[in-house]
Amino acid sequence: KNMIKIIVIPLLLDLIIVVTWTIIDPLEYVREIESIAMDGNVQIVESYGQCNSQQQNWFILTLALIHFALMVGTNIILFNIREVTSRYQERIYVTLACAFVAQVLVVGLPILFAVGTSTEAVYLVLSAIVFLNDFAILCFIFIPKMRHQQEGLPEGVNTAQSILSADMKKAETAYEVKRRSMAYSSMHSTHSTND
């Protein structure tokens, strides 16, 4: 029930902002001519086009602030569930994904503004930002899950015991003590029969 709120509320906020932006100040494709030159009888026009709106910076800033607040909120939630084993929560990996996203944005956004009106460069930088963000998040979330699935549970630990870190350590310790005592017993019984 709480997770639904955490997912639905930000999605609704994003939807409200984007719909409001589309109704109040929709993006319009604008082509601007950079230069006109003549090559013999051929006129060469160099231009670039992009989608713009009058108030786009305010909408983009609002969306960015909401997503920044989501990253902060995510890390607060992750801090609160730190006692759950990493097998059932990806606290470390989600934190690393958030840090990676922040790093890509800190490096990518200045590069995006630096390339200016070069459409090829803007396309390349935007593609790299989207790819690195998405790929990193998917890797940080799914590779640990695949690794845990491949390894399985430690010996002597059932699913219920593996949820909390403290319970898992107790179960592993109890199994190790039991294993050693059985090994010691079998070693002792072997020596008794030899005598």
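Our structure's up above, just so we're on the same page.
Computed from a predicted model, the values in this text were never measured in an experiment. (Residues numbered from 1 in each chain as written. Predicted model: local features only at pLDDT ≥ 70, side-chain atom pairs only at ≥ 80, totals over all residues. Heavy atoms only, no water.)

**Describing the environment of Asn52**
- Within the element layout of this structure, Asn52 appears in strand 2 (residues 42-52).
- When the C-alpha positions of Asn52 and Val30 are compared, they lie 7.0 Å apart, and in sequence the two are 22 residues distant.
- If sequence neighbours within four positions are ignored, Asn52 has contacts with Pro26, Leu27 and Glu28.
- Of the polar contacts made by the side chain of Asn52, one reaches the side chain of Gln56; its length is 3.5 Å. (Helix = DSSP H or I, 4+ residues; strand = E, 2+ residues; numbered from the N terminus. Contact = heavy atoms within 4.5 Å. Polar contact = N/O pair within 3.5 Å; in protein donor to acceptor, adjacent residues only side chain to side chain.)

**Considering the packing of aromatic side chains**
- Applying the stated rule across the entire model yields three aromatic pairs.
- Ring geometry for Phe100 and Phe140: centres 6.4 Å apart, planes at 65°, overall edge-to-face. You can see Phe100 sitting in helix 3 (residues 91-115) and its partner Phe140 sitting in helix 4 (residues 119-151), a full 40 residues away along the chain.
- We classify Phe140 as partly exposed; its relative accessible area is 24%.
- With a centroid separation of 5.2 Å and 15° between ring planes, the pair formed by Phe131 and Phe135 is classed as stacked. Of this pair, Phe131 and Phe135 both sit in helix 4, four residues apart, which is roughly one turn of the helix.
- Taking relative accessible area as the criterion, Phe135 reaches 47% and is therefore assigned partly exposed. (Phe/Tyr/Trp six-rings, centres within 6.5 Å; stacked < 30°, edge-to-face > 60°. Buried < 20%, exposed > 50% of the residue type's maximum accessible area, 1.4 Å probe, protein only.)

**Observations regarding helix 1 (residues 2-24)**
- Along its 23 residues, helix 1 runs 33 Å from first to last C-alpha, staying within 8% of the 33 Å computed at 1.5 Å per residue.
- Listed in full, the buried residues belonging to helix 1 are Pro10, Asp14, Ile17 and Trp21.
- Looking at the packing, one finds that the buried side of helix 1 touches helix 2 (56-80). (Expected span 1.5 Å × (residues − 1).)

By themselves these figures say nothing about function.
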